Amino acid sequence: MRIGRGFTLIELVVSVSIVGLLASVVLPLSELVVQRNKEYELRLALREIRGALDAYKLAVEEGRVVHSTDKSGYPASLRVLVEGEPDAANPEANRKIYFLRRVPRDPFETDTELAAEETWGKRSYASSADSPLEGEDVFDVYSRAAGVGLNGVPYREW
C-alpha cells in the first residue's frame, strides 16, 4: 500500500470554495461594523456639542456670560466653546468658563484638511430646522454626510 503525499484536486477545490464562501460572508459584516462604529462616534459627538451649546445658553441665562439682550444667547462659533468666556459672576478672579475641551470631528467627514469646527453643518437660531442656515450664532449642529444611517434616518437629520 502506498501512502500519497499532498492533496487531491478535489480537496483543493473544496478548500478554496469554503474559504471563498467565508470571505464573502465576513466582508459585508466588517463593513457593517465600521459603519456602526462611525454612527456611534457621530451620536457621541453630536451629544457632546449640543450639550456644550445648551450649557453656554444656560450660562448666558444665569448671567455668567455677558451677552447682548438683542442676541439669541448662543455662541458665535464652536470655537468659543473651547476658548471659553470670561466668568461674569466672578470678574475679579479673571477666570473663564470652558464648555468643551476640543470640538470633535464629524466621523463621516473625509477631508482631513478641514478643522474640526468646519466638519459640521451649523444652524443659527434664526433658521428653521427644515432648511438649516448658518448665521450670527450656532444654535445646533448636524452632520453634512450624505448617507443614511442603519436606522433609516439620514445623517443630516440626527
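With that settled, consider the overall build of the chain. Helix and strand counts for the chain come out as 2 helices and 4 strands. In sequence order, the secondary structure elements of the chain are arranged as α-α-β-β-β-β. The C-alpha atoms of the chain give a radius of gyration of 26 Å, which is well past the 15 Å a tight globule of 158 residues would have. Overall, the C-alpha framework of the chain stretches about 100 × 40 × 25 Å when taken along its three principal axes. By the burial criterion, 32% of the 158 residues in the chain qualify as buried. For the chain, the share of sequence-separated contacts (at least 6 apart) that also reach a separation of at least 24 residues comes to 48%. Accessible surface for the chain amounts to roughly 10900 Å². Of this, 56% is attributable to carbon and sulfur atoms. In the chain, 20 side chains carry a positive charge and 25 a negative one; their mean positions are 7 Å apart.

Together, I10, V14, I18 and L22 give the surface a local cluster of nonpolar side chains, amounting to about 390 Å² of exposed area. Examined against the element boundaries, I10 turns out to sit in helix 1 (residues 9–61).

Turn by turn, an α-helix covers 3.6 residues, leaving residues three or four places apart pointing in a common direction. Along its 53 residues, helix 1 runs 78 Å from first to last C-alpha, staying within 8% of the 78 Å computed at 1.5 Å per residue. All buried positions along helix 1 are accounted for by E39, L42, A45, L46, I49, A52, L53, Y56, K57, A59 and V60. Packed against the buried residues of helix 1 are helix 2 (78–83), strand 1 (85–86), strand 3 (120–123) and strand 4 (140–143). One or two positions beyond helix 1, positive phi appears at G63, with a value near 85°.

This brings us to the nonpolar core. If you look at the biggest cluster of nonpolar residues, it comprises 26 residues, and the most contacted ones within it are L78, L81, F99, V103 and W120. Secondary-structure elements contributing two or more residues to this core are helix 1 and helix 2. Examining the composition of this core, we find that 9 residues originate from one element, helix 1, more than from any other.

Going residue by residue along strand 3, you find W120 and K122 tucked away on one face and G121 and R123 tucked away on the opposite face as well. Judged from the 4 bridges that link them, strand 3 and strand 4 form a sheet pairing that is antiparallel. The residue bridging K122 from the neighbouring strand is V141, located in strand 4.

It is possible for side chains of opposite charge to pair when their charged atoms get near one another. One pass over the full model with this rule turns up 7 salt bridges. Here E109 makes a salt bridge to R144, at a shortest N to O gap of 3.4 Å. With E109 in the loop between strand 2 (96–97) and strand 3 and R144 in the segment after strand 4, this pair connects stretches of sequence that are 35 residues apart. It is possible to trace a salt-bridge network through shared partners that takes in R79, E83 and E117.

What follows concerns the side chain of K57. Relative to the assigned elements, K57 resides in helix 1. Here K57 falls in the buried class, since its relative accessible area comes to 19%. With near-sequence residues (within four places) excluded, K57 lies in contact with S72, G73 and Y74.

In this section: the packing of aromatic side chains. Summed over all chains, the structure comprises 6 aromatic pairs. Arranged with centres 4.2 Å apart and planes meeting at 25°, the rings of F108 and Y155 form a pair that is stacked. One end of the pair, F108, is in the loop between strand 2 and strand 3; the other, Y155, is in the segment after strand 4, with 47 residues separating them in the sequence. There is no split in this pair, since F108 and Y155 are both buried. A ring pair is formed by Y125 and F139, whose centres lie 5.3 Å apart and whose planes are at 75°; its orientation type is edge-to-face. With a gap of 14 residues between them, Y125 in the loop between strand 3 and strand 4 and F139 in the loop between strand 3 and strand 4 connect regions that are remote in the sequence. Exposure remark for F139: the relative accessible area of 24% places this residue in the partly exposed category. Here a set of aromatic residues connected by ring pairs shows up, and it is made of Y74, Y125 and F139.

Reading guide: rules and limits
- Residues numbered from 1 in each chain as written.
- Predicted model: local features only at pLDDT ≥ 70, side-chain atom pairs only at ≥ 80, totals over all residues.
- Heavy atoms only, no water.
- Helix = DSSP H or I, 4+ residues; strand = E, 2+ residues; numbered from the N terminus.
- Rg over C-alpha atoms; globule rule 2.2 N^0.38 Å.
- Buried < 20%, exposed > 50% of the residue type's maximum accessible area, 1.4 Å probe, protein only.
- Contact = heavy atoms within 4.5 Å.
- Areas by Shrake-Rupley, 256 points an atom, 1.4 Å probe, with all protein chains shown as cover.
- Lys, Arg positive; Asp, Glu negative; His and termini not counted.
- Charge placed at Lys NZ, Arg CZ, Asp CG, Glu CD.
- Patch = residues over 30% accessible without salt bridge, like charges linked within 9 Å, V, L, I, M, F, W, Y side chains within 5 Å.
- Salt bridge = Lys/Arg side-chain N within 4 Å of Asp/Glu carboxyl O.
- Expected span 1.5 Å × (residues − 1).
- Core = buried A, V, L, I, M, F, W, Y, C linked by side-chain atoms within 4.5 Å.
- Pairing = 2+ DSSP bridges.
- Phe/Tyr/Trp six-rings, centres within 6.5 Å; stacked < 30°, edge-to-face > 60°.

Any functional reading would require information that these geometric values do not contain.
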